[in-house]
Amino acid sequence: MKLQLRDEVKEFENGVSTLDVAKSISEGLARVAVCGQLNGELIDLNRPIICDGKLEIITNKSPEYQEILRHSAAHVLAQAVKTIFPTAKCWVGPATKDGFYYDFDFKTPITNEDLSVIEDEMNKIVKANFDIVFKEVSKKEAIKLMKDSKEPYKVEIIESLPDDEKITTYSQGDYVEVCRGPHVKSTGMVKAFKLTKIAGAYLKGDSKNKMLTRIYGVVFDKKSELDEYFKNLEEAMKRDHRKLGKELELFFFDETAPGMAYFLPKGFTLLNTLINYWRELHRKNGYYEFTAPQLNSSVLWKTSGHWDHYKEDMFVLTDADGNEQALKPMNCPNSIKIYQSKTRSYKDLPLRLNDVDVIHRNEKSGQLNGLFRVRMFRQDDSHNYITENQIGSEIKSILKIANQIYGVFNLPYKLTLSTRPSDYMGELSTWNKAEAELKEVMNEICGEGNYRINEGDGAFYGPKIDIKMQDCLGREWQMGTIQLDFQLPQRFELSFVDSDGSKKQPIMIHRAILGSFERFIGIITEHFAGAFPTWLAPVQVKVISVSAKSADYAQRVAGELDSRAIRVECDNSDERIGYKIRLAQLEKVPYMLILGENEMNSNKVSVRKRNGEELKDLEFDEFVRMIKEDIYEKRI
């Protein structure tokens, strides 16, 4: 039997395990091996390999390890619950993005106070360091095993499987679980964990079924990592954009308009400042902005294919004549109508049509999440129409803009390339050429091997590049996307006149760099903890009078700043100066001008920056030069 191990192919006896292969390489590798990945499928260390293929040895440094550890922690949780509450029935316990959970049916409801008791039992199981033993059984054996264990939900799962399905069990001590796996070697590897909360969850996610109890938890290799997680979680709660949105008077949500934000004057200033920067940058890069109707006939959406594939997520209306219409959930069909409004020549391409129109998506109420998941928002959208030969140069141009925008915010990001899916549409040769050009661009920008390729994860109409940004807490966010589309131009019969007079079909690029302005504002509100860069801050300067004697001078200074296009507020209230300074600090204003009689008599200003730095008796024009430099140099 032949196995490909990275850059070499080795022969092994039939039935060899991943652990055996690891030992044949080195004892050190065997010690850190967690499982194998055979032809893309994760398998347990001791599972016999009976076919040729590509084998990767997964260690505790591999990206896949965290999911395996989390799923194993869920099994430790289940064993602990069954030890303390023998009558509890188990449903499922998967790994999640941040940890794990397990769903149980308790005879008597448990509370958060029970979590510490369950944790104590989990610690005993970890300390016992039970081997987690893999075994393959028949469907009949699996059903009997779960019936004997009085696990009706597990029996239901097994009975729904095909008769020839390969079923695996995992035992740790006296506890046996039916599961696909894989898992870590022993319970002792589940070292640093914490149960975080309990919640209700319907069986199979169906509200018609019984409500189960879901227990959530997190797990890490080291206690220091667990402590860091909760430290970041606490910091994230302080930075919650919904909380800061209210405190800083930026935006809020109301039950009369679920998933639709009310932007207050300061928040609207923030939004418009961001949009204006985006507009200016794109104008300089050859983009043309348009606006289009919010409501379109179903004819448009049927032509685009959205009516068949996306209707349930659209707000559908009927007009006075009985015709179905929909609020637009995306801008591409409107962009296409702009393209079709006149005959296009090869000389017009690339044609870059961008817009910031409001769009609506009928998201389920349970999925709404502040500005992160809304029903009404503005995408930083563009649809670029190009020839096949312009794919590489246009992608480079888009990524150059993305690099500039993320650089302004000092946000690191990574690019992911998603390739042709199994249900792709169009000519294979076109796909191959597009993917080759995208890889060439990615190699040039990121360096070969320095980006991730998601094989088969492209859209059915073309390959795509996704932009994933990391904030100051290390959280990764899916932001913009660059998608090649060969299908919509075909569905709408788009064309341009080529240099030889023939008609050709353009390629369409869907691209958004921020994703949506609303979501991006939510993200950077948390990233900056509301202390926005000076150029973006809704209020850039707070002018504060020390007493009534300097109030008129403070008002004149504020007026002069306003005339120089600096966003300013003046606090001439009768409150004590310390209180007024504290208030400006809570508002996270970048600059405060503290003006008393000395400043008034010398016609100067005293500056207090948001970071606490103070500059006494500064000439007014010098302060203007300083803040203008802060605003414009850091935005370029």
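Preceding this paragraph is the structure being described.
Presented here is an overview of the structure given in this document.

What counts and how
- Sequence order as written defines residue numbering, which begins from 1 separately in each chain.
- Reporting in this predicted model follows two pLDDT cut-offs: at least 70 for local features of residues, and 80 or more for side-chain atom pairs to be given and counted; totals over whole chains, interfaces and linings ignore these cut-offs and use all residues.
- Heavy atoms throughout the structure, all of them, feed into the side-chain values; hydrogens and water do not.
- Pairing between two strands is assigned when DSSP locates at least 2 bridges connecting them.
- Helix and strand definitions follow DSSP, with helices as H or I runs of at least four residues and strands as E runs of at least two, each counted in order from the N terminus.
- The angle between two axes is taken between their N-to-C directions and runs from 0 to 180 degrees, where each axis is a line fitted to C-alpha atoms and a helix contributes only its stretch in contact.
- Two aromatic rings from Phe, Tyr or Trp, using only the six-membered ring of Trp, form a pair when their centres are within 6.5 Å; if the ring planes differ by under 30 degrees the pair is stacked, by over 60 it is edge-to-face, and anything between is tilted.
- Classification of residues uses two cut-offs on accessible area relative to the type maximum, computed with a 1.4 Å probe and protein chains only: under 20% is buried, over 50% is exposed, and between them is partly exposed.
- Basic side-chain nitrogens of Lys or Arg form a salt bridge, by our definition, when they fall within 4 Å of a carboxyl oxygen of Asp or Glu.
- Count a disulfide wherever a pair of cysteine sulfur atoms falls within 2.5 Å.
- Cavity means a closed set of points on a 1 Å grid over the protein atoms alone, one where a 1.4 Å probe fits but cannot get out, pocket means an open set with protein on both sides within 12 Å along at least 5 of 7 lines, and lining means a residue has an atom within 4 Å of a point.
- Grid points are joined across faces, edges and corners, and a volume is the space filled by probe spheres set on the points.
- Residue classes follow a fixed rule: Ala, Val, Leu, Ile, Met, Phe, Trp, Tyr, Cys and Pro count as nonpolar, while Asp, Glu, Lys and Arg count as charged, and any other residue, Gly among them, counts as polar.

This next bit is on the sheet that holds strand β17 (residues 316-318). As summarised here, the arrangement of the three strands in space is β16-β18-β17, forming an open sheet in which the pairing is antiparallel. The open sheet has two edge strands, β16 (295-297) and β17, and neither has a second partner. Averaged over all neighbouring strand pairs, the angle between strand axes comes to 35 degrees, with direction disregarded. Across three bridges, β17 lies against strand β18 (residues 324-327) in antiparallel orientation. Considered in β18, the bridge of Val316 is made with Ala326.

Considering all chains together, one arrives at 20 aromatic pairs under this definition. Both rings, one in Tyr277 and one in Trp535, keep their centres 5.2 Å apart while their planes meet at 55 degrees; by these two values the pair is tilted. On the criterion of sequence distance, the pair formed by Tyr277 in helix α9 (residues 265-284) and Trp535 in the loop between α16 (517-527) and β30 (541-545) is long-range, its members being 258 residues apart. Just as Tyr277 is buried, Trp535 falls in that class too. On the numbers, 5.7 Å between centres and 70 degrees between planes, the contact of Tyr424 with Trp431 is edge-to-face.

A word on the pattern of salt bridges. One pass over the structure, following the stated rule, counts 40 salt bridges. Ionic pairing is found between Asp240 and Arg242, a salt bridge with its closest N-O pair at 2.9 Å. Given the relative accessible area of 17%, Asp240 is considered buried. Given a relative accessible area of 39%, Arg242 falls into the partly exposed group. Its salt-bridge partner being Glu324, residue Lys311 comes within 4.0 Å of it at the nearest N-O pair. Pair noted here: Lys311 is in the loop between α11 (306-309) and β17 and Glu324 is in strand β18, with a separation of 13 residues, a long-range link. Assessed through its relative accessible area of 32%, Lys311 is described here as partly exposed.

So, about the state of the cysteines. Per the counting criterion, the structure on display carries zero disulfides. With no disulfide of its own, Cys179 lies 12 Å from the sulfur of Cys90, the closest cysteine sulfur.

A separate point is the layout of surface pockets. Reported here for the second largest pocket is a volume of approximately 1300 Å³. Taken together, 49 residues make up the lining of the second largest pocket; nearest its centre are Tyr310, Met330, Arg361, Gln379 and Gln483. When residues of the lining of the second largest pocket are traced back to their parent elements, those giving at least two are α11, β22 (381-386), β23 (413-418), β25 (464-470), β26 (476-485), α15 (488-491) and β29 (507-512). When residues of the lining of the second largest pocket are assigned to their parent elements, the largest contribution, six residues, is made by β26. The residue makeup of the lining of the second largest pocket, split by class, is 14 nonpolar, 21 polar and 14 charged.

In short, shape yes, function no, at least from these values alone.
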